[in-house]
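Listed below are the residues making up each chain.
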Amino acid sequence: MEASLTARDRVGIQDFVLLDPHTSESAFLDNLRKRFHENLIYTYIGTLLVSVNPYKELDIYSKKQMDTYMGVNFFELPPHIYALADNVFRTMQSEFNNHFILISGESGAGKTEASKKILQFYAVSCPSTKLLNNVRDRLLLSNPVLEAFGNAKTLKNDNSSRFGKYMDIQFNHQGGAVGGHILSYLLEKSRVVHQNHGERNFHIFYQLVEGGEEDLLRWLGLERNCKNYRYLVQGDCAKVSSINDKSDWKTVRKALSVIEFSERDTEHLFGIIASVLHLGNIKFDADARGYATLNNNQEMHWVSKLLGIPNQVLQQGLTHRKIEAKTEEVFSPFSVDHAVYARDALAKAIYGRTFNWLVNKINESLANKDSSRKTVIGLLDIYGFEVFSVNSFEQFCINYCNEKLQQLFIELTLKSEQEEYEMEGIEWEPVPYFNNKIICDLVEEKFRGIISLLDEECLRPGEATDITFLEKMEDKIGGHPHFVTHKLADQKTRKTLDRGDFRLLHYAGEVTYCVVGFLDKNNDLLYRNGKEVMRQSKNAIIKHCFPSTEPDSKRRPETVVTQFKSSLVGLTEILMSKEPWYVRCIKPNEAKQPGHFNDVLVRHQVKYLGLMEHLRVRRAGFAYRRKYEIFLQRYKPLCPETWPNWKGTAAEGVQLLIKHLGYKPDEYKMGRTKIFIRHPRTLFATEDAFQV
Ligand code: ATP
Ligand code: MG
């Protein structure tokens, strides 16, 4: 039987647009599954790339493969992430404009891997000179460093991104990569002091303890045993079979030197990482009145030594808070609980600020020294949508961010595409789709969105609690179709909710959030004298991270979620000014296993990623459109009637031009201001004619 199967039966179709016009979700799924089992993890929907995580190494990323895809028309070879990367690059080169690649999918779907493959492709395929090679190496090696400090093992993914990353790769006129710039978004700092069962802290801690050289560890006062550090053992899984901390340590060390970290920088950096571990081990005793004390604490001596802060200052800072009285400063002692809280807050602040410093430092080394005009390709790789058995403030932020990216995708593809046809007077049968704007609004609307309500509660210290926040939400948004709590739920749903929970119906599914800790994490308070203590540090990085110019303002700093919201607005603006391309990543199973294609799981992702709708719009629509003027300007040499000077209107010129090129009536449509071309291959043929 096998032999009688046609290639198409066996390997499926490489572009969904070519499937039967009435493709059902099941047929869509069949095609994906077929291809997955043949190790064909990539499939197109037009120029959008769908990628299914194979959970095994495939022999498709070699230099030879890269060469094969370089400069070849998109649809001439089997779908590949390299084909997409190459197409983006060539479009940028020919149109001299900016682009971005939005990589999305849930946690563990393969976003970070995809973004690395794209970067590797550019590193190999771009023209190189000695100088450019330098930039290329730094671009590539920024990855292991940022992953060491910003990724961690979670229950969903052994290398889960715990920060959002947007990276611009800058190209000069000849297409050489001349520089880069990274923007990072909201690192999950709480992981520094707490990890859920089965999860780890950020990789770098384990790398240092497992891989650090003997004399380095001695200098840092560390023992080679992760189990000795409170901040590393809460998840009870310091060792992970898929991770080799020792060899990763070597990679990071090498990478740091390539991206221009001096010996002193690295010394200070690891001094900080070790200090965080020591901080976590500091134990407080209670004195007779129940106040926190530190008795000649070994760990504190190490922190003091490594950060260059006098012992007494540190001790005072960890056990007291400063209260400003009218004329003098008064120190009020902490209770033990309070001291533990302040210690953890300090550890989080130190790590979070050091991470930002690291990103800046990498950016300095990637900065483009050449001032000539350049174009960019942006890569967006952010933490994916995630649902755990208990979800907290962090998941709320991450899932909100994914909601915003989905909204951007909808705006740029489904919505604007259809609106454009209408505006241009192109006949069009509207494709219905679910617009998740309603959920974005529920979260971020001014005055009545969840973020506003949370911030309001954060402004009532002493009075507000996580529970009053929950009650406020019930009061203000209780009737919203995407929001439910124990109190608001019908009997059946109520059984699935605790009293301290609220549930959001996200575009990607339901998530139940436990409200405990929301106020605290959103406030992210660091006691003022915590900052003052850090300012006395002799460690250059800490000095930089806690500048004396930082206002001690009586004004409250912006809350975490509000800062995050503004940074996402900024990101959206950056993206909207560029041409979009998409990679949609799919996770085939929850067990991180190769060869397992879970239909239910994949079907769910196909649904919420809006792939069917995208296919419908793509199939009925036009892959390419350009203003008449631009189209004419580029291709007029191909037609004697329009070359060299065309005197009529641009639309008339284009009409003559395409007649000359032999476009068939069903291949294109003329809109009010633009020409619409159905298939990219039509345009490729025109491009080829142009090259001859
Ligand atoms: P998160 O949102 O948690 O950061 P992610 O989408 O970035 O998740 P990745 O870290 O890219 O997920 O992928 C998870 C794991 O899946 C990788 O560590 C790797 O083992 C495997 N994987 C992903 N893509 C590929 C691929 N193309 N080839 C082989 N393995 C892959
Ligand atoms: Mg990732």
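Per chain, residues are indexed from 1 in the order of the written sequence. Labels are handed out in written order, letters beginning with A for the chains and numbers beginning with 1 for the ligands. Local features are withheld for residues below a pLDDT of 70 in this predicted model, meaning they are given only at 70 or higher, and side-chain atom pairs are given and counted only at 80 or more; totals for whole chains, interfaces and linings count all residues. Calculated side-chain values reflect all of the structure's heavy atoms, with hydrogen atoms and water omitted.

Chemist: Hey, could you go over the overall build of the chain for me, with residue numbers and the actual values?
Modeler: Helices and strands together make up the secondary structure of the chain, namely 28 helices and 19 strands. The globule rule is 2.2 Å times the number of residues to the power 0.38, and the radius of gyration it is compared with is taken over C-alpha atoms. The globule rule puts the C-alpha radius of gyration for 692 residues at 26 Å, and the 28 Å found for the chain is close to it. Dimensions of the chain, computed from the C-alpha atoms along their principal axes, are close to 95 × 65 × 60 Å. For every residue, the accessible area obtained with a 1.4 Å probe (protein chains only) is divided by the maximum for its type, and the residue is called buried under 20%, exposed over 50%, and partly exposed between those limits. Looking at the 692 residues of the chain, the share that counts as buried comes to 56%. If you take every contact in the chain between residues at least 6 apart in sequence, the share linking residues at least 24 apart comes to 69%. To measure how exposed things are, a 1.4 Å probe is used in the Shrake-Rupley method; for residues, cover is taken only from the protein chains shown. Accessible surface for the chain amounts to roughly 30,900 Å². Of this, 52% is attributable to carbon and sulfur atoms. Of the charged side chains in the chain, 91 are positive and 88 negative, and the gap between their average positions amounts to 2 Å. Strands here are runs of E lasting at least two residues and helices are runs of H or I lasting at least four, both read from the DSSP assignment and numbered beginning at the N terminus. Only heavy atoms matter for contacts: two residues are in contact if any of them lie within 4.5 Å across the pair. Positive charges are assigned to Lys and Arg, negative charges to Asp and Glu, while His and the chain termini are left out of the count. Think of each charge as sitting on NZ of Lys, CZ of Arg, CG of Asp or CD of Glu.

Chemist: Pulling in residues and values, what's your account of the coordination of the magnesium ion (ligand 2)?
Modeler: Metal sites are built from N, O and S donor atoms within 2.8 Å, or 3.2 Å for Na, K and Ca, and they leave out water, so they may look incomplete. Coordination of the magnesium ion (ligand 2) by the protein is provided by Thr112 (OG1) and Ser161 (OG), with metal-donor distances spanning 2.0 to 2.1 Å. Taken together, the residues Thr112 in helix α5 (residues 111-125) and Ser161 in strand β5 (residues 160-161) connect sequence positions 49 residues apart. In this structure Thr112 comes out as buried when scored by relative accessible area, which is 12%.

Chemist: Would you mind going over the packing of helix α17 (residues 450-458) against helix α23 (residues 560-576) in detail, with residue names and values included?
Modeler: Two elements in contact, α17 and α23, have axes whose closest approach is 9 Å; the angle formed by their N-to-C orientations is 145°. Only Val561, Thr562 and Lys565 of α23 make contact with α17, whose side of the interface consists of Ile451, Leu454 and Asp455. When residues are grouped by polarity, Ala, Val, Leu, Ile, Met, Phe, Trp, Tyr, Cys and Pro land in nonpolar, Asp, Glu, Lys and Arg in charged, and all others, Gly among them, in polar. Considered class by class, the residues forming the contact of α17 with α23 number three nonpolar, one polar and two charged. Axis definition: a line fitted to C-alpha atoms, over the contacting stretch in the case of helices. Angles run 0 to 180 degrees between N-to-C directions.

Chemist: Give a detailed account of the side chain of Asn368, specifying residues and quantitative values.
Modeler: Topologically, Asn368 is positioned in the loop between α14 (336-366) and β12 (375-381). In this structure Asn368 comes out as buried when scored by relative accessible area, which is 19%.

Chemist: Provide a residue-level description of the site of ligand 1, including the pertinent values.
Modeler: In these notes, residues near a molecule or strand are those with any non-hydrogen atom within 4 Å of it. Close to ligand 1 lie 19 residues; Ser107, Gly108, Lys111, Ser160 and Gly384 are nearest. Pairs of N or O atoms are called polar contacts if they sit within 3.5 Å, as long as, within protein, a hydrogen donor faces a hydrogen acceptor (for residues adjacent in sequence, only side-chain-to-side-chain pairs). Contact distances for ligand 1 include 2.8 Å between an oxygen atom and a side-chain N or O atom of Asn53. Gly110 is positioned with one of its backbone polar atoms (N or O) 3.0 Å from an oxygen atom of ligand 1. Bound to the protein, ligand 1 loses 88% of the 630 Å² it would expose on its own. Listing elements by their share of the shell around ligand 1, those giving two or more residues are α5 and β5. Looking at which element gives the most residues to the shell around ligand 1, the answer is α5, with three residues. Looking at side-chain class alone, the shell around ligand 1 contains five nonpolar, 10 polar and four charged residues.

Chemist: Got a sec to walk through the nonpolar core? Specific residues and values, please.
Modeler: Throughout this description, the term nonpolar core refers to a set of buried Ala, Val, Leu, Ile, Met, Phe, Trp, Tyr and Cys residues connected via side-chain atoms within 4.5 Å. Judged by nonpolar contacts, the single largest core of 112 residues is most densely connected at Ile101, Tyr122, Phe149, Ile204, Phe205 and Ile350. With 14 residues, the single largest contributor to this core is α14. Apart from residues no more than four positions distant in its own chain, Phe149 is found in contact with Leu187, Phe202, Ile204, Leu269, Ile273, Tyr351, Phe355 and Leu358. Grouped together as the second largest cluster of nonpolar side chains are 68 residues, Tyr166, Leu454, Leu568 and Leu615 included.

Chemist: How would you explain the pairing of strand β16 (residues 579-586) if you had to name every residue and give the values?
Modeler: Within β16, six of the eight residues are buried, which leaves it mostly tucked inside the rest of the structure. Any two strands between which DSSP finds at least two bridges are classified as paired. Across four bridges, the pairing between strand β2 (residues 48-52) and β16 is parallel. Paired with Val50 across the bridge in β16 is Arg584. Looking at chain direction, strand β3 (residues 99-104) and β16 are connected through six bridges and run parallel. Within β16, the position partnered with Ile103 by the bridge is Val583.

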